[in-house]
Amino acid sequence: MKTQSYYRLKRQTAIVTGANSGIGKSIAINLAREGANVVINYHSREEDTREVIEEIKSFGGEAMGFKADVSREAEVDAMFRKTIETYGTIHILVNNAGIQMDAPIDQMSIEQWQKVIDVNLTGTFLCSRLAITEFKKRGVDEQVSVSAGKIICISSVHEIIPWAGRANYAASKGGMMLLMKSMAQETAPHMIRINSIGPGAIKTSINKEYWSDPEKAKKMLELIPYNRLGEPEDIARAAVWLASDESEYVTGTTLFVDGGMTLYPGFAEGG
Ligand code: BGC
């Protein structure tokens, strides 16, 4: 009889990009709670990274930090090399690193456009490419997982909802959707699963300016039928599920975790 492990991600290794705050931090901690070794990728604020590692070690988990700009090929290469050297291989990649640099389209600089595309979209390409290389090389190890590897892209409701004043961000997430689906189609025959999570308004530093202001927070709630802002944990629980064998037959899809934001609440009484 196959023995069932209480830990859903035991003996697996994960890289989580942008994992020293917000959604990435919560995902990293929850993957570690399920037994995975976790690489905490970060770009700045080493102190925050140390705190995440300490928290993981406090419950007996395993983690290490790695500083890399996900939009730079050489830095991503170095991160994967170090991960494989330390933990032997990699089973889970979470493309979480993401930024916003908002501006009306006619005032958007090429730097604001390029930086957002570089981190959100090119970063996802560079990390996924190396993860897939390793997954294909190793293949399925049934002692560990029924899949050769899993990639989870942290997208946004804005992969389908247009967003005035943030065309660079919405374009990066719309691009991420078809990058995710194309990669999923290409790699499914290799038993590799690739999916996205589309978070709605989750309370993190990226949108603090809005949820910390009572007036603006009220306007945000009008866009959420479930009537509360999301917490990083809401996303982390979905990420653990997508990384685990419980979602074995799921690939090439976006799971919106958004309290109904993608249900077009404006139409609840209108239209
Ligand atoms: C953005 C947040 C925003 C949310 C809902 C996210 O992708 O990063 O700033 O609050 O979408 O609009």
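Now for a description of the structure that goes with this document. (Residues numbered from 1 in each chain as written. Predicted model: local features only at pLDDT ≥ 70, side-chain atom pairs only at ≥ 80, totals over all residues. Heavy atoms only, no water.)

### Comments concerning helix α5 (residues 167-187)
Taking 1.5 Å of rise per residue, 21 residues should cover 30 Å, and α5 covers 30 Å from first to last C-alpha, within 8% of that figure. Of the residues making up α5, those classed as buried are Asn-168, Tyr-169, Ala-170, Ser-172, Lys-173, Met-176, Met-177, Leu-179, Met-180, Met-183, Ala-184 and Thr-187. For α5, the elements touching its buried residues are β4 (92-95), α4 (110-138), β5 (149-154), β6 (192-199) and β7 (254-257). (Helix = DSSP H or I, 4+ residues; strand = E, 2+ residues; numbered from the N terminus. Expected span 1.5 Å × (residues − 1). Buried < 20%, exposed > 50% of the residue type's maximum accessible area, 1.4 Å probe, protein only. Contact = heavy atoms within 4.5 Å.)

### Notes on the site of the ligand
The environment of the ligand is made up of Gln-100, Ser-156, His-158, Trp-163, Tyr-169, Gly-200, Ala-201, Ile-206, Asn-207, Met-220 and Met-261. Here an oxygen atom of the ligand sits 2.7 Å away from a polar atom, N or O, in the side chain of His-158. The separation between an oxygen atom of the ligand and a polar side-chain atom of Asn-207 is 3.1 Å. Relative to its free-state accessible area of 310 Å², the ligand is covered by the protein chains to the extent of 90%. (Near = heavy atom within 4 Å. Polar contact = N/O pair within 3.5 Å; in protein donor to acceptor, adjacent residues only side chain to side chain. Areas by Shrake-Rupley, 256 points an atom, 1.4 Å probe, with all protein chains shown as cover.)

### Quick notes on the state of the cysteines
Tallying each qualifying case throughout the model produces zero disulfides. For the unlinked cysteine Cys-127, the closest cysteine sulfur is that of Cys-153, found at 9.9 Å. Owing to a relative accessible area of 0%, Cys-153 belongs among the buried residues under this scheme. (Disulfide = S-S within 2.5 Å.)

### A look at the sheet that holds strand β3 (residues 62-67)
Pairing in this open sheet of seven strands is parallel, and the strands run β3-β2-β1-β4-β5-β6-β7 from one edge to the other. Two strands in the sheet have a free side with no partner beyond their single neighbour: β3 and β7. The sheet shows a mean angle of 20° between the axes of neighbouring strands, taken without regard to direction. For β6 and β7, the ladder comprises four bridges, and the chain directions are parallel. Residue Ile-197 lies in a different strand from β7, and its bridge partner there is Leu-255. The sheet strands contacting helix α3 (residues 73-87) are β1 (13-16), β2 (37-42), β3 and β4, and the helix crosses β3 at an angle near 155°. α5 rests against β4, β5, β6 and β7 of the sheet, and its axis sits at about 160° to β6. (Pairing = 2+ DSSP bridges. Axes fitted to C-alpha atoms, helices over the stretch in contact; angles between N-to-C directions.)

### Section: unusual backbone geometry
A positive phi angle, near 65°, is found at Arg-11, a position not held by glycine. Relative to the helices and strands, Arg-11 resides in the segment before β1. One non-glycine residue, Met-191, adopts positive backbone phi at about 65°. Mapped onto the elements, Met-191 comes out in the loop between α5 and β6. On the basis of relative accessible area, Met-191 is assigned to the partly exposed category, the value being 42%.

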